[in-house]
Amino acid sequence: RFYRMKWKMFNEAKMKSVKIPGGAFAVKIKAKGFCTRQINITYTRDEHGNQQRHVSYDDREYVNKITYKVKMNGETIDTFSLNCCEGRELEWDCGAFQASLKSGWFSKKPHEIHTKPGIDPGFALLFGHICITEFAPDEIKKDLKPNWKLC
C-alpha cells in the first residue's frame, strides 16, 4: 500500500533590534510539502507451519517551498521564498542578509551568512541564523509528525 499526504505549516517569530529604535519585527513563515508512506506486508511460516504477518513502514517527508514574510508594525517590509529540492544548494536572499548552504540540507558544511549594508549586522545575522536553522527544510521535516490514521 502507498499513501501520500499534503501538508502546510504556519509559524511566526518576533525579534527586535537593539540598535535601531522602533517596533519588533514579525517573521511569518509558511511551508508546504508532502509526505509518503509505503507499507510492506509479508507473510512467513515458522517451523510449526503457523503463518506470521510482518508489517514494515517506509515514511518520507518532503518540503516543497518555504515563504518568509517580514512585517513591522503590521506592514510587510520584505517577502522571500526558498524552493526546496533535496541535495542541492539552498540560498536565502532578503533585504537583511544573503545566506547559502552548500550541498543541500544534509550537508555537514557550515552555513554562510552575509549581512547587507544599512541593517544592524547583529540583528541581520541573528535573523539569518533563525531562518536557515530553525525554519529550514531539515528542521521542518524533523518536527513534522504526520497522522497516518487519518488516511
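Because the structure is predicted, anything quoted here is derived from the model rather than measured.

For an α-helix, 3.6 residues make a turn, and residues three or four places apart therefore share a direction. Taking 1.5 Å of rise per residue, the 14 residues of helix H1 (residues 121-134) would be expected to cover 20 Å, and the 19 Å separating its terminal C-alpha atoms lies within 8% of that figure. Turning to H1, its buried residues are Phe-123, Ala-124, Phe-127, Gly-128, Ile-130, Cys-131, Ile-132 and Thr-133.

Roughly 200 Å³ of internal volume is contained in the largest pocket. Lining the largest pocket are 15 residues, and of these Phe-25, Ile-77, Ala-96, Ile-119 and Phe-123 sit closest to its centre. Taken together, the elements giving at least two residues each to the lining of the largest pocket come down to strand S2 (25-45), strand S4 (75-83) and H1.

In total, this model carries five aromatic pairs according to the counting rule given. Look at Phe-80 and Phe-97: their rings are 6.1 Å apart centre to centre, the planes differ by 90 degrees, and that puts the pair in the edge-to-face class. Residue Phe-80 is located in strand S4, and its partner Phe-97 is located in strand S6 (residues 97-101); the two are separated by 17 residues in the primary sequence. In this structure, Phe-80 and Phe-97 share a single accessibility class: buried. Between the aromatic rings of Phe-97 and Phe-127, the centroid separation amounts to 5.4 Å while the plane-to-plane angle is 85 degrees, which identifies the pairing as edge-to-face. With Phe-97 in strand S6 and Phe-127 in helix H1, the pair connects residues that are 30 residues apart, well separated along the chain. Each member of the pair Phe-97 and Phe-127 is classed as buried.

This part is about the sheet that holds strand S7 (residues 112-115). Taken together, three strands build an open sheet; the order of strands is S5-S6-S7 and the sheet is antiparallel. What marks the edges here is a single partner per strand, and that holds for strand S5 (90-93) and S7. Adjacent strand axes in the sheet meet at a mean angle of 10 degrees, parallel and antiparallel pairs treated alike. Summarising the sheet, S6 and S7 pair through four bridges and their orientation is antiparallel. Bridging from a neighbouring strand, Phe-97 pairs with Thr-115 of S7. Across the sheet, H1 touches S5, S6 and S7, and the angle it forms with S7 is around 145 degrees.

Trp-7, Ile-66, Tyr-68, Phe-80, Trp-92, Phe-97 and Phe-127 are the most contacted members of the largest nonpolar core, which has 35 residues in total. Contributing elements (two or more residues each) for this core: strand S1 (2-15), S2, strand S3 (51-72), S4, S5, S6 and H1. When residues of this core are assigned to their parent elements, the largest contribution, six residues, is made by H1. What Trp-7 contacts, discounting residues up to four positions off in sequence, is Ala-31, Lys-32, Gly-33, Phe-34, Cys-35, Tyr-62, Val-63, Ile-140 and Leu-144.

A positive phi is found at Asn-73, a non-glycine position, where the angle reads about 55 degrees. Turning to its location among the elements, Asn-73 is positioned in the loop between S3 and S4.

Attention now moves to the side chain of Lys-141. With respect to the helices, strands and loops of the structure, Lys-141 is situated in helix H2 (residues 137-143). With relative accessibility at 16%, the residue Lys-141 sits in the buried group. A polar contact of 3.3 Å, which involves the side chain of Lys-141, links it to the backbone oxygen of Glu-61.

A few words now on a positive patch on the surface. Taken together, Arg-4, Lys-6, Lys-8, Lys-14, Lys-28, Lys-30, Lys-32, Lys-65 and Lys-69 make up a surface patch of like positive charges. Taken together, the elements giving at least two residues each to the positive patch come down to S1, S2 and S3. Top contributing element to the positive patch by residue count: S1, with four residues. Relative to the helices and strands, Arg-4 is located in strand S1.

What counts and how
Residues numbered from 1 in each chain as written. Predicted model: local features only at pLDDT ≥ 70, side-chain atom pairs only at ≥ 80, totals over all residues. Heavy atoms only, no water. Helix = DSSP H or I, 4+ residues; strand = E, 2+ residues; numbered from the N terminus. Expected span 1.5 Å × (residues − 1). Buried < 20%, exposed > 50% of the residue type's maximum accessible area, 1.4 Å probe, protein only. 1 Å grid on protein atoms, 1.4 Å probe; cavity = no way out; pocket = protein on both sides within 12 Å on 5 of 7 lines; lining within 4 Å. Points joined across faces, edges and corners; volume = space filled by probe spheres on them. Phe/Tyr/Trp six-rings, centres within 6.5 Å; stacked < 30°, edge-to-face > 60°. Pairing = 2+ DSSP bridges. Axes fitted to C-alpha atoms, helices over the stretch in contact; angles between N-to-C directions. Contact = heavy atoms within 4.5 Å. Core = buried A, V, L, I, M, F, W, Y, C linked by side-chain atoms within 4.5 Å. Polar contact = N/O pair within 3.5 Å; in protein donor to acceptor, adjacent residues only side chain to side chain. Patch = residues over 30% accessible without salt bridge, like charges linked within 9 Å, V, L, I, M, F, W, Y side chains within 5 Å. Areas by Shrake-Rupley, 256 points an atom, 1.4 Å probe, with all protein chains shown as cover. Salt bridge = Lys/Arg side-chain N within 4 Å of Asp/Glu carboxyl O. Lys, Arg positive; Asp, Glu negative; His and termini not counted. Charge placed at Lys NZ, Arg CZ, Asp CG, Glu CD.

These results come straight from atomic positions and should not be treated as a statement about function.
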